[in-house]
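These are the residues of each chain, in order.
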Amino acid sequence: MKQVELIKRINKIAKTKQQTAVFTEGASHTHIKLGDKQTTLPRHSEINEFTARGILKYLEEK
């Protein structure tokens, strides 16, 4: 999955939860904070499908 597509999906999740996704650039990863959940996103143009699914699943949990 492209990184741009994953970021769009994360923002969509944030909108459905009525929260704001905060993206902070680290050295080699982008740190994402959505409500009380935090995760990291590798800074590659193409992100492994399993990694992308895991990130989305984690952020969608209640």
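Please refer to the structure placed before this passage.
Residues numbered from 1 in each chain as written. Predicted model: local features only at pLDDT ≥ 70, side-chain atom pairs only at ≥ 80, totals over all residues. Heavy atoms only, no water.

Bringing the sheet that holds strand β2 (residues 29–34) into the picture now. Strand order across the open sheet formed by 3 strands is β1-β2-β3, with antiparallel pairing between neighbours. Since the sheet does not close on itself, it has two edges, and those belong to β1 (21–25) and β3 (37–42), each with one partner. Averaged over neighbouring strand pairs, the angle between their axes works out to 25° when direction is ignored. Pairing analysis gives 5 bridges linking β1 to β2, with the strands arranged antiparallel. Within β2, the position partnered with Phe23 by the bridge is Ile32. Relative to the sheet, helix α1 (residues 3–16) contacts β1, β2 and β3, its axis offset from that of β1 by approximately 145°. (Pairing = 2+ DSSP bridges. Helix = DSSP H or I, 4+ residues; strand = E, 2+ residues; numbered from the N terminus. Axes fitted to C-alpha atoms, helices over the stretch in contact; angles between N-to-C directions. Contact = heavy atoms within 4.5 Å.)

So, about the nonpolar core. Grouped burial of nonpolar side chains is what soluble globular proteins tend to show. Membership of the largest hydrophobic core comes to 14 residues, with the highest contact counts inside it found for Leu6, Ile10, Leu34, Leu41 and Ile55. Those elements giving two or more residues to this core turn out to be α1, β2 and α2 (49–60). Non-local contacts of Leu6, meaning those with residues more than four positions away in its chain, are made with Met1, Leu41, Ile47, Ala52, Ile55 and Leu56. (Core = buried A, V, L, I, M, F, W, Y, C linked by side-chain atoms within 4.5 Å. Buried < 20%, exposed > 50% of the residue type's maximum accessible area, 1.4 Å probe, protein only.)

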